[in-house]
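# Residue-level structure breakdown
Listed below are the residues making up each chain.
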Amino acid sequence: MKNFPLTEKKLPGGLRTVLLPRQEGQTVTFLVLIGVGSRYETPRQSGLSHFLEHMFFKGTQRRPTTKEIAEAIENVGGEFNAFTSEEYTGYYVKVAAEYLEQGAEVVSDILLRPLFPQVEIDRERGVITEEIRMYTDTPMRHIWHLWQEALFGAHPLGRRIDGTLETVGTFMRKDFLQYTQRHYHTENAVVAVAGKFAEKQTEQLLKELLAPLARGKETSPKTVPKRLPQRRFLNEYRKSLDQTHMIVGVPGLSLTDPRRWAAELLATILGAGMSSRLFIQVRERHGLAYAVRTSTESYTDAGAVATQAGVRTDKADFALRLILQEYDRIMQEKVTADELAKAKQMLRGRMVIDLEETNTLALFAGLQELLTQRIDTPTTMWEKIEAVTPEQIQTVAQALLAPTQRVAVLLGPQKSTKEFSKQLGL
């Protein structure tokens, strides 16, 4: 993607906008990102960012009901949704290009003129309660809650994004109003538009639609503890499960760390795809798991490298040993030039595929602007990826994968955890 049209502008009120025109398609995505998520919450507010995201769809001054909001997009075949993470919340619509103005107006309407009726808060409380229970009952999701807890402890990053049954049960209308007033304003937001649109008309549309957005200063989250991980081993016994779910990993790198791409390639070589080292070792050679995957997570000031698998319970300690052996090997031996070249091509190829979608394109640029205040184009990223050497892979592996930094989290019916603790040197 050498040709990557991109226009960044700040509106008179301070709102940052990112325009990514792509005339070859027929759709457009309008995305509003707010710089607030679960790590901005106090313990009493746990889950408030996520609950608030739901409530923006529960009626506005112009469209008093959820049905009216949904119909405004669905009647033109559009896609309309939102999401909450640890560091941001997003609201987007994807429509056929001729309906951009209508789609953008609906997103702007829910953010600028929400009603937050108490009756809807009480009703949605039940929905979110069931969502929390659903994810708790889903081992592949709940294991990540345990992983965050082990890595970050009592810090907000160690808490669930959706909160707890206790905290969700306490939120009232004033909580949503106060939280919106504090975080939903021009200095804490980015708007990204990607797809088929006319730039000048869209710039004017943004100025008109979002002019009422309140002005305010960017808010900052609680800093990450200096010592990570907070716990090196965490086990939750669940007799009803037929296998043991595990995540093994280490603290990682932030979004702005220059070693980030070396860490991404390290994770790719270890466990991305069916030809990765861990997939071959854990699944193909020993048949211990259906899937095993290593990935990275990066925040503004922290990160993680994590390997996830669901394995035979009677062989779970052996699976852990295999994973740690691969960690040791990539620290001790340089990866081959061919293996590194394959990993680089995998990252580049996946980026090309992902950025074909206007949703991903808007998020790609919008998040960079929101979280790092600069946007690297795919070409710039590819150049950084291409520059990584086998020596750099080994150096970052030795820095991140040290035995004293390793964390293991288990969820399953295993009765004894002594062998796991022993392998971690505890």
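It should be noted that the structure appears before, not after, this text.
Throughout what follows, the structure given in this document is the object of discussion. (Residues numbered from 1 in each chain as written. Predicted model: local features only at pLDDT ≥ 70, side-chain atom pairs only at ≥ 80, totals over all residues. Heavy atoms only, no water.)

With that out of the way, let us pick up the overall build of the protein chain. Of regular secondary structure, the protein chain possesses 16 helices and 11 strands. Here the C-alpha radius of gyration of the protein chain, 23 Å, is about what a compact globule of 426 residues would show, namely 22 Å. Along the first, second and third principal axes, the C-alpha set of the protein chain runs to 60 × 50 × 40 Å. The buried share among the 426 residues of the protein chain stands at 57%. Carbon together with sulfur atoms contributes 51% to the accessible area of the protein chain, which is approximately 19,200 Å² in total. In the protein chain, the 55 positive side-chain charges and the 52 negative ones have mean positions that sit 5 Å from each other. (Helix = DSSP H or I, 4+ residues; strand = E, 2+ residues; numbered from the N terminus. Rg over C-alpha atoms; globule rule 2.2 N^0.38 Å. Buried < 20%, exposed > 50% of the residue type's maximum accessible area, 1.4 Å probe, protein only. Areas by Shrake-Rupley, 256 points an atom, 1.4 Å probe, with all protein chains shown as cover. Lys, Arg positive; Asp, Glu negative; His and termini not counted. Charge placed at Lys NZ, Arg CZ, Asp CG, Glu CD.)

So, about unusual backbone geometry. Along the chain, Leu-228 connects to Pro-229 via a cis peptide bond; the corresponding omega equals 0°. Mapped onto the fold, Pro-229 is located in the loop between helix H8 (199-210) and strand E7 (233-237). A positive phi angle, close to 50°, is found at Phe-116, a residue other than glycine. The topology assignment puts Phe-116 in the loop between helix H3 (100-112) and helix H4 (118-136). Here Phe-116 falls in the buried class, since its relative accessible area comes to 1%. Backbone geometry places Gln-373, a non-glycine residue, at a positive phi of 60°. Turning to its location among the elements, Gln-373 is positioned in the loop between helix H13 (358-372) and helix H14 (378-386).

Relative to each other, helix H12 (residues 337-354) and H14 sit at 170°, their axes nearing to 10 Å. If you check the angle between H12 and H14, you find them roughly antiparallel. Note on element contacts: H14 touches H12 through Pro-378, Met-381, Trp-382, Ile-385 and Glu-386, opposite Lys-344, Leu-347, Arg-348, Met-351 and Val-352. Split into classes, the residues belonging to the contact of H12 with H14 amount to 7 nonpolar, no polar and 3 charged. (Axes fitted to C-alpha atoms, helices over the stretch in contact; angles between N-to-C directions. Parallel < 35°, antiparallel > 145°, perpendicular 65-115°, else oblique. Contact = heavy atoms within 4.5 Å. Nonpolar A, V, L, I, M, F, W, Y, C, P; charged D, E, K, R; others polar.)

Before going further, it helps to spend a moment on the pairing of strand E1 (residues 7-10). When E1 meets strand E2 (residues 16-21), the two strands line up antiparallel, connected through 4 bridges. If you follow Glu-8 over to E2, its bridge partner there is Val-18. Hairpin remark: E1 followed by E2, antiparallel, with 5 residues in the connecting loop; positive phi at Gly-14, about 105°. (Pairing = 2+ DSSP bridges.)

Further remarks concern the sheet that holds strand E9 (residues 289-298). Taken in spatial order, the 5 strands of this open sheet run E7-E11-E8-E10-E9, and their pairing is mixed. Where the open sheet ends on each side, the last strands, each with one partner, are E7 and E9. Direction aside, neighbouring strands of the sheet carry axes that sit 10° apart on average. Two elements, strand E8 (residues 244-251) and strand E11 (residues 407-412), share 5 bridges in a ladder whose sense is antiparallel. Counted as the bridge partner of His-245 is Leu-411 from E11.

The next point concerns the packing of helix H9 (residues 260-271) against H12. To describe two helices that pack against each other, one gives the angle between their axes and the distance between the axes. H12 packs onto H9 with a crossing angle of 105° between their chain directions and a minimal axis gap of 9 Å. Taken together, the axes of H9 and H12 lie roughly perpendicular to each other. When H9 is examined against H12, the residues Glu-264, Leu-265, Thr-268 and Ile-269 are found in contact with a partner set consisting of Glu-339, Leu-340, Ala-343, Lys-344, Met-346 and Leu-347. Residue composition of the contact of H9 with H12, grouped by class: 6 nonpolar, 1 polar and 3 charged.

Another aspect to go through is the nonpolar core. Core analysis: the biggest nonpolar cluster contains 68 residues, and Met-246, Leu-265, Leu-266, Val-282, Ile-330 and Leu-401 have the highest contact counts within it. By residue number, the principal contributor to this core is helix H11 (residues 316-332), which donates 9 residues. Ignoring any residue separated from it by four or fewer positions in sequence, one finds Val-282 in contact with Gly-287, Leu-288, Ala-289, Val-292, Leu-322 and Ile-323. Core analysis: the second largest hydrophobic core is formed by 47 residues, Ile-73, Phe-176, Tyr-179 and Ala-189 among them. (Core = buried A, V, L, I, M, F, W, Y, C linked by side-chain atoms within 4.5 Å.)

For the rest of this paragraph, the subject is empty space enclosed by the protein. If you walk through the whole model with that rule in mind, you get 3 cavities of 30 Å³ or more. Of the pockets and cavities examined, the largest cavity occupies roughly 70 Å³. Taken together, Leu-15, Val-32, Ile-34, Ser-108, Leu-111, Leu-112, Tyr-184, Val-191, Leu-210 and Leu-213 form the lining of the largest cavity. In terms of residues, the lining of the largest cavity owes the most to one element, H3, which gives 3 residues. When grouped by side-chain class, the residues that make up the lining of the largest cavity number 9 nonpolar, 1 polar and no charged. (1 Å grid on protein atoms, 1.4 Å probe; cavity = no way out; pocket = protein on both sides within 12 Å on 5 of 7 lines; lining within 4 Å. Points joined across faces, edges and corners; volume = space filled by probe spheres on them.)

This paragraph deals with helix H7 (residues 173-183). Inspection of H7 places Asp-175, Phe-176, Tyr-179, Thr-180 and His-183 among the buried residues, and these make up the whole buried set. The buried residues of H7 occupy an angular sector of 125° when projected down its axis, which confines them to one face. Exposed positions of H7 whose direction lies more than 90 degrees from the buried face are Lys-174, Gln-181 and Arg-182. (Arc of directions from axis to C-beta.)

Taking strand neighbours across the sheet as the criterion, the 6 strands line up as E1-E2-E6-E3-E5-E4 in an open arrangement whose pairing is mixed. Strand pairing shows two members of the sheet lacking a second neighbour, E1 and strand E4 (79-84), which therefore form its edges. Direction aside, neighbouring strands of the sheet carry axes that sit 15° apart on average. Across the sheet, helix H1 (residues 48-55) is in contact with E4 and strand E5 (89-96); its angle to E4 comes to roughly 165°.

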